[in-house]
Amino acid sequence: MIERLSFSEDVKYNAIEASSHIARYMMVKPLCGGGRDLDVACGEGYGSYLMASKWGASHVTAVDVSEEAIASAKSNFTVANADFICMSASGLLERFVPGQFDLIVSLETIEHLPDPEAFLDNIKSLAHERTDIVISCPNDYWYYPDDDQKNPF
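Analysis parameters
- Residues numbered from 1 in each chain as written.
- Predicted model: local features only at pLDDT ≥ 70, side-chain atom pairs only at ≥ 80, totals over all residues.
- Heavy atoms only, no water.
- Phe/Tyr/Trp six-rings, centres within 6.5 Å; stacked < 30°, edge-to-face > 60°.
- Helix = DSSP H or I, 4+ residues; strand = E, 2+ residues; numbered from the N terminus.
- Buried < 20%, exposed > 50% of the residue type's maximum accessible area, 1.4 Å probe, protein only.
- Core = buried A, V, L, I, M, F, W, Y, C linked by side-chain atoms within 4.5 Å.
- Contact = heavy atoms within 4.5 Å.
- Patch = residues over 30% accessible without salt bridge, like charges linked within 9 Å, V, L, I, M, F, W, Y side chains within 5 Å.
- Areas by Shrake-Rupley, 256 points an atom, 1.4 Å probe, with all protein chains shown as cover.
- Salt bridge = Lys/Arg side-chain N within 4 Å of Asp/Glu carboxyl O.

Draft legend 1. View of the packing of aromatic side chains. Under the criterion given, the structure shown has 3 aromatic pairs. With 5.5 Å between their ring centres and 75 degrees between their planes, Tyr25 and Tyr46 make a pair best called edge-to-face. Here Tyr25, found in helix 1 (residues 15-26), pairs with Tyr46, found in helix 2 (residues 46-54); they are 21 residues apart in sequence, far enough to count as distant. One exposure class covers both Tyr25 and Tyr46, and it is buried.

Shown next as structure tokens:
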């Protein structure tokens, strides 16, 4: 499994990987509906783009710790109602207002964080009482069926 779906020309296309990455974002499609959405660890920005330009979010704030990923997102997926910001997931409360978001998405992120409980507390603080929160993490048994093969995260 690749950790990030790359859109650079030097990366070989893999249909299975591309479809699994897009499928994760398809879970949030019905939840996008005119609100202010946060995409934590947005990677190259394709999911944020879909949320903002195709699925009805009024605004998407997309953050990722990787400068390279944010540069790619800005290059490939810029739309008027999405901002791509390079920052750590641990700094969310330093940048955003509590209760600010209507939908919070964090796909394949929590397993990389040194303090997942603090991350969940921060996400909860950024939500209001009707906010939808979607979090996913990898299923090692599907990707790595043998005990000697494991996702390091």
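Draft legend 2. A look at the nonpolar core. Residues Tyr25, Val28, Met51 and Phe84 are the most contacted members of the largest nonpolar core, which totals 22 residues. Of all the secondary structure elements, the ones that give two or more residues to this core are helix 2, strand 2 (59-64), helix 3 (67-77), strand 3 (82-86) and strand 4 (101-107). When residues in this core are grouped by element, the largest group, 4 residues, is from helix 2. Setting aside residues no more than four positions away along its own chain, Met51 makes contact with Tyr25, Val28, Cys32, Asp37, Asp39, Gly56, Ala57, Val60, Leu103 and Val105.

Draft legend 3. Local environment of the environment of Ile104. Relative to the assigned elements, Ile104 resides in strand 4. A relative accessible area of 1% places Ile104 in the buried class. Through-space distance from the C-alpha of Ile104 to that of Thr131 is 7.4 Å; in sequence the pair is 27 residues apart.

Draft legend 4. Geometry of a nonpolar patch on the surface. A surface patch of nonpolar side chains, amounting to about 220 Å² of accessible area, comprises Leu120, Ile133 and Ile135. If you trace the backbone, Ile133 turns up in strand 5 (residues 127-136).

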